[in-house]
Amino acid sequence: MVDALGVAVIGFGWMGRVHTQAYARLPHHYPRLPLRPRLVTVAEEVPGRAEEAAERFGFASATRDWREVAADPRVRAVSVTAPNFLHREIGVAMAEVGKHLWIEKPVGLTAGDARAVADAVAKAGVQGTVGFNYRNAPAVEAARELIASGEIGTVTHVRIRLFSDYAAHPDGALTWRYERERGGSGVLGDLASHGADLARFLLGDIAALTADTAVFVPERARPSGATAGHALAAGGEPGPVENEDYVSCLLRFASGARGVLEACRVSVGEQNNYGFEVHGTRGAVFWDFRRMNELRVSRGTTYQDQPVSTVYVGPGAGEFAAFQPGAANAMGYDDLKVIEAYRFVRSIAEGTPYGTTLADAVHSATVLDAMAESAASGAWVTLPGA
């Protein structure tokens, strides 16, 4: 017997739509899941947007006030896809009234914000999942297993990159993303948070780091009305960009491995160039998000001039089998969010965490805070517990 799980989505930009579609697709890919999401309500403060979402996707109701979601007894689980500065307030409020939480990264503006949400979730005894979707790629999970098995030897160093052009246009609107008070730490929270999570997911805890940041587009035009995505706003009143366009970071892992993490939101010519290269004493493994279902692997005993092979992941790697029947059949970005939704709903059904948790968000946010501290001081920063 399949029970209904009343869900709500708070914030209906692009990510709100992705969460909504992930809920709708769960029965198709995971028919044996004992809970089936039912779209109860959508909350969005932009006039008309919630009503449009309800009509298009089948929510039973719509509201401009997220506090109505907290008071709605029909809702058992909530997706928080609102802007960063609202994460802490909404996340804590939902946990305190006993609602399970699927919240997008970076879970607030600081590690303190992420910790507050994590504490509220733990105290309430509800499940909490965080939107670090790239670790859900079957190829990334396969890479983690390969590294852990020792097939490439002892890991010596890693390079993680997250380059995008979404903010490269000089006429890009000065939205909340570029303000310290509402957006937080710029590209750190947006892209480098994924990099910090991937680094720990693949190689374990980061012990220390040193970072440098820069703003390359220092001024943008203020939008005249509500915006969605990365809209342009040519001719508006100019205002300062308050947070980082770029970060580069040297990492020291607790294992002794070294790393480089680099992220930029204004990289002209780069569209979602995300990936990693992990090198070990006997081999290496490479992943590029734009070829999401492939790994490039070098392993053996040749060392010098050792060849690199392309491996197409298939059933047996992560959740690949829920989407495609054989290797080299492509999966896409939205599929990663379906996996995330599955692990969230499974956590609720079984009372045991699956996938990313609020603890992972706290770890990532702690690394981001250390990056900001290092960029300001110019010094190495030791991570707590190292």
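Provided above is the structure to which this section pertains.
Residues numbered from 1 in each chain as written. Predicted model: local features only at pLDDT ≥ 70, side-chain atom pairs only at ≥ 80, totals over all residues. Heavy atoms only, no water.

A. Focus on the sheet that holds strand E6 (residues 128–130). The strand order across the open sheet built from six strands is E3-E2-E1-E4-E5-E6, with neighbouring strands paired in parallel fashion. Single-partner strands in this sheet number two, and they are strand E3 (61–63) and E6. Going across the sheet, the axis of each strand differs from the next one's by a mean of 25°, ignoring polarity. Of the strand pairs in this sheet, strand E1 (residues 3–10) and strand E2 (residues 35–43) are connected by eight bridges, and their pairing is parallel. Bridge pairing in E2 links Ile 10 to Ala 43. (Pairing = 2+ DSSP bridges. Helix = DSSP H or I, 4+ residues; strand = E, 2+ residues; numbered from the N terminus. Axes fitted to C-alpha atoms, helices over the stretch in contact; angles between N-to-C directions.)

B. Expanded view of the pattern of salt bridges. All chains considered together, the criterion is met by 24 salt bridges. Close ionic contact of Arg 299 with Glu 151 constitutes a salt bridge, the shortest N to O distance being 2.8 Å. Of the two residues, Arg 299 sits in the loop between strand E15 (294–298) and strand E16 (309–312) while Glu 151 sits in the loop between helix H6 (138–149) and strand E7 (155–163), which places them 148 residues apart along the sequence. Classification of Arg 299 as partly exposed rests on a relative accessible area of 41%. Since its relative accessible area comes to 36%, Glu 151 is described here as partly exposed. Among the ionic pairs, Arg 161 bridges to Glu 277, the shortest N-O distance being 3.1 Å. Here Glu 277 lies in strand E13 (residues 273–280) and Arg 161 lies in strand E7, a separation of 116 residues in the sequence. (Salt bridge = Lys/Arg side-chain N within 4 Å of Asp/Glu carboxyl O. Buried < 20%, exposed > 50% of the residue type's maximum accessible area, 1.4 Å probe, protein only.)

C. Representation of the nonpolar core in the model. Judged by nonpolar contacts, the single largest core of 92 residues is most densely connected at Val 278, Val 285, Trp 287 and Met 371. Counting residues per element, this core draws most heavily on helix H8 (residues 187–203), which supplies ten residues. With near-sequence residues (within four places) excluded, Met 371 lies in contact with Leu 188, Ala 192, Leu 209, Ala 211, Val 247, Cys 249 and Leu 261. Counting 34 residues, the second-largest nonpolar core is a separate cluster that includes Ala 120, Val 121, Val 130 and Val 362. (Core = buried A, V, L, I, M, F, W, Y, C linked by side-chain atoms within 4.5 Å. Contact = heavy atoms within 4.5 Å.)

D. Inspection of the packing of aromatic side chains at higher detail. Summed over the entire model, instances satisfying the criterion amount to 15 aromatic pairs. The interplanar angle of 80° and the centroid separation of 5.1 Å between the aromatic rings of Tyr 134 and Phe 289 together place this pair among those described as edge-to-face. Of this pair, Tyr 134 sits in the loop between E6 and H6 while Phe 289 sits in the loop between strand E14 (284–288) and E15, placing them 155 residues apart in sequence. As far as the burial class goes, Tyr 134 and Phe 289 line up, both buried. In this structure an aromatic cluster arises from ring pairing among Trp 14, Tyr 134, Tyr 274, Phe 276, Trp 287, Phe 289 and Tyr 333. Its end group placed over the ring of Trp 380, Arg 252 keeps NZ or CZ at 3.7 Å from the ring centre. (Phe/Tyr/Trp six-rings, centres within 6.5 Å; stacked < 30°, edge-to-face > 60°. Lys NZ or Arg CZ within 6 Å of the ring centre and 35° of its normal.)

E. Representation of a nonpolar patch on the surface. Among the surface-exposed residues, Leu 250, Val 260 and Trp 380 lie close enough to one another that they form a single nonpolar patch of about 250 Å² accessible area. Relative to the helices and strands, Leu 250 is located in strand E11 (residues 246–253). (Patch = residues over 30% accessible without salt bridge, like charges linked within 9 Å, V, L, I, M, F, W, Y side chains within 5 Å. Areas by Shrake-Rupley, 256 points an atom, 1.4 Å probe, with all protein chains shown as cover.)

F. Here's a closer look at the sheet that holds E13. Strand order in the open sheet made by the nine strands is E16-E15-E14-E13-E7-E12-E11-E8-E17, with mixed pairing throughout. Pairing within the sheet leaves two strands with one partner each, and these edge strands are E16 and strand E17 (381–382). In the packing of helix H10 (residues 358–377) onto the sheet, the strands contacted are strand E8 (206–214), E11, strand E12 (258–264) and E17, and the crossing angle to E8 comes to about 55°.

G. Spatial organisation of the state of the cysteines. This structure, assessed with the given rule, holds zero disulfides. Between Cys 249, a free cysteine, and Cys 264, which holds the nearest cysteine sulfur, the sulfur-to-sulfur gap is 15 Å. (Disulfide = S-S within 2.5 Å.)

H. Examining unusual backbone geometry more closely. Each neighbour pair has its own omega, and for Lys 105 with Pro 106 the value is 5°, a cis peptide bond. Here Pro 106 is to be found in the loop between strand E5 (100–103) and helix H5 (111–124). One non-glycine residue, Asn 272, lies in positive phi territory at about 50°. By the element assignment, Asn 272 lies in the loop between E12 and E13.

I. Main features of the packing of H8 against H10. For the pair H8 and H10, the least separation of the axes is 9 Å and the interaxial angle reads 115°. The chirality of how H8 crosses H10 is right-handed. Residues Leu 188, Gly 189, Ala 192, Ser 193, Ala 196, Asp 197 and Arg 200 of H8 pack against Asp 360, His 363, Ser 364, Val 367, Leu 368, Met 371 and Ala 372 of H10. The residue inventory of the contact of H8 with H10, partitioned by class, reads seven nonpolar, four polar and three charged. (Left-handed = near helix turned anticlockwise from the far one by under 90°. Nonpolar A, V, L, I, M, F, W, Y, C, P; charged D, E, K, R; others polar.)

J. Layout of the pairing of E14. Counting buried residues in E14 gives five out of five residues, a clear majority hidden from the surface. Neither face of E14 is open: one carries Ala 284, Phe 286 and Asp 288, the other Val 285 and Trp 287, and all of them are buried. One ladder, built from five bridges, connects E13 with E14; its direction is antiparallel. Bridge pairing in E14 links Glu 277 to Phe 286. In this structure, the hairpin formed by E13 and E14 is closed by a connection of three residues. Sheet topology places E14 next to E15; three bridges connect them, and they run antiparallel. Bridging across to E15, Val 285 finds its partner in Val 297. Connecting the antiparallel pair E14 and E15 is a turn made up of five residues.

Note that all results are geometric; they support no functional claim without further evidence.
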